[in-house]
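Each chain is listed here by its residues.
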Amino acid sequence: MESLELIVAVAAAVLVAGWLARRAGLSEPLLLLGAGCLMGLTAPFDDITLAPEVVLLLFLPALLYWEALTSSVREIRHNLRSIALQSTVLVLVTALAVAVVAHAFGYLWPIALVLGAVLAPTDAAAVAAVARAMPRRILTVLRTESLLNDGTALVLLAVTIEVVSEDAPFSWAGTSLRFVESYAGGIAIGVAVALLLKWVRRRLNDPLLHSVLSVATPFFAFLPAELVHVSGVLAVVTCGLVSSRYGPRVISPDARVQATAFWEVTSHLLNSALFVLVGVQMPAAVRALTSTDLLQAVAVATAVSAAVIGSRFLWFYTVPYAVRFVDRRPVQKGRRIGAAQRLPLAWAGMRGAISLAAALTVPAVTADGRPVAHRDAVVFITVVVIVITLTVLGPTLPAVVRRARFAADEEQAAESVLAHQHLSAAALRELPALARRYAVDPSTVAHLERDISDRVAGSADAARRSRGTHQLETALLRVKRQALTELRDAGRIDDIVLRSVQDVLDAEDMRLSLKASRMPTTAGTATPDRDRRDREGSVRTGQAADRGLREGDAR
């Protein structure tokens, strides 16, 4: 019953906080955090403890998969060096800075390093909630960093927990080997799962089953990685990135629309629920603090927060300039940003539920039964750092982005125009052959030609057309999809542009499907066998169009 009460209360908090944030223009994460704190002060919820397994095994894979699925692979590839440095070296630098501060306040090195590993990663949910206004390159770097640094931090946490709980000696060589094994193994499993599910998707015809597979995919990637003790985070992220590449070819439009709607709602609900659950833990963390004085713990938490924020600022205003001094290639010079534009990157260092879940995994006793010193303080400090970064950095980040005065992303707009023009040209090129195939009268073809020139989405009079015209429009959509995917594969447009244009095509496909379902049934026009032949013919038409597009590009 308590679980049901918690679910209802969290759902109500998400609704109310979301409504207030949109109504009053307030920070939604802060409202959710406050709502959770109020819940934690009430009798039904004052003894609820957030199970770390729920976050690390249920919330984390789903959120990472959706973030990876909606990221730009091309931008990740172009900014791979920055992302790799931030998701690995910056994590280690932050962990060390936190450990130094904690050790200065009297914490032993092992537990100080545990605290550093807990607070080293930024939170994907927190970053995504406040960083949407940034240009796609900056946003991609931040989102991908927050996806990958969890894997680095969790490996570091596992090593430091072994040192604390089992009195195992710390070994740089052993730790480095574990990092390599974790990263390489996670990436390999992610690729393998993605390719296996690609084979499965090609054999699924039911949109509902496609959606079920989409929901299960992050867990299919996460579980085997965890079973062999490599990075489940890297497995999920890699699986999502690979899936985003082949998705346009093997997932039907209705399945994609259905799955996208599900993931948009689910990711928002999971993100919001995590903020509420962090707030619920705040009163409990204060009550559980027994190993040290509350004021001293607050002082340590404040100093640690300064170390978390300061180390990130120091990184972004030193390391990029050192890399710039070494790498003077023209292609890199064109991608440089100034100090003002670098500030939002440094500012986006929010911590969230992943850090709290990591803190809660620290054992209370060692292998020989002795209590782990300052374990309660680690949880308390983590909660305070989360609150400070969310309240100080989160609400002010939009203003920092505005002051950075990023130039308008003209490249993205140009790629969108290119995509629409390319799709129109591909459709017009294939229109005569498709019209002959489906025996469409010349007047209708002429109307379609005019309509495609005006807008890619299709004809305004489609509802009044014959079944032959419907088949023609469906076949043209397949031509456009193929042309769009080829444009993306050639690197001429970005994944984000592909998805925005793809959404238009999917909406048009749904409209055509709805129109077909409402067509009157007449002899020889609406039998299941005829529908099956129509679909197969459309597939063959798309393949022929693909060959024609390649030949046209070659000419």
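Here is what the cut-offs are and how they apply
Residues numbered from 1 in each chain as written. Predicted model: local features only at pLDDT ≥ 70, side-chain atom pairs only at ≥ 80, totals over all residues. Heavy atoms only, no water. Helix = DSSP H or I, 4+ residues; strand = E, 2+ residues; numbered from the N terminus. Buried < 20%, exposed > 50% of the residue type's maximum accessible area, 1.4 Å probe, protein only. Contact = heavy atoms within 4.5 Å. Phe/Tyr/Trp six-rings, centres within 6.5 Å; stacked < 30°, edge-to-face > 60°. Axes fitted to C-alpha atoms, helices over the stretch in contact; angles between N-to-C directions. Parallel < 35°, antiparallel > 145°, perpendicular 65-115°, else oblique. Left-handed = near helix turned anticlockwise from the far one by under 90°. Nonpolar A, V, L, I, M, F, W, Y, C, P; charged D, E, K, R; others polar.

### With respect to the environment of leucine 58
Mapping leucine 58 onto the fold places it in helix α3 (residues 52-69). We classify leucine 58 as partly exposed; its relative accessible area is 46%. The residues touching leucine 58, leaving out its near neighbours within four places in the chain, are Glu53 and Phe219.

### Considering unusual backbone geometry
The bulk of non-glycine residues show a negative phi, and the bulk of peptide bonds are trans. Even without a glycine there, the phi angle at histidine 229 is positive, about 65°. Mapped onto the elements of the fold, histidine 229 is located in the loop between α10 (207-227) and α11 (232-250). Here histidine 229 falls in the exposed class, since its relative accessible area comes to 71%. A positive phi angle, near 55°, is found at alanine 439, a position not held by glycine.

### Some words on the packing of aromatic side chains
For the structure shown, the criterion picks out four aromatic pairs. Summarising the aromatic geometry, the rings of tryptophan 66 and tryptophan 263 are spaced 6.2 Å apart at their centres and angled 5° between planes, so their arrangement reads as stacked. One end of the pair, tryptophan 66, is in helix α3; the other, tryptophan 263, is in helix α12 (residues 253-287), and 197 residues separate them in sequence. According to the relative accessible area criterion, tryptophan 66 is buried, its value standing at 12%. With 5.5 Å between their ring centres and 75° between their planes, phenylalanine 262 and tryptophan 263 make a pair best called edge-to-face. Phenylalanine 262 gets classed as partly exposed once you look at its relative accessible area, which sits at 35%. Judged by relative accessible area, tryptophan 263 falls into the buried class, the value being 2%.

### Quick word on the packing of helix α8 (residues 136-166) against α11
Taken N-terminus to C-terminus, the directions of α8 and α11 make an angle of 160°; their axes are 8 Å apart at the nearest point. In terms of axis orientation, α8 runs roughly antiparallel to α11. For the element pair α8 and α11, the recorded crossing hand is left-handed. Each of Leu147, Leu148, Asp150, Gly151 and Leu154 in α8 lies in contact with α11, whose residues at this interface are Val233, Leu234 and Val237. When grouped by side-chain class, the residues that make up the contact of α8 with α11 number six nonpolar, one polar and one charged.

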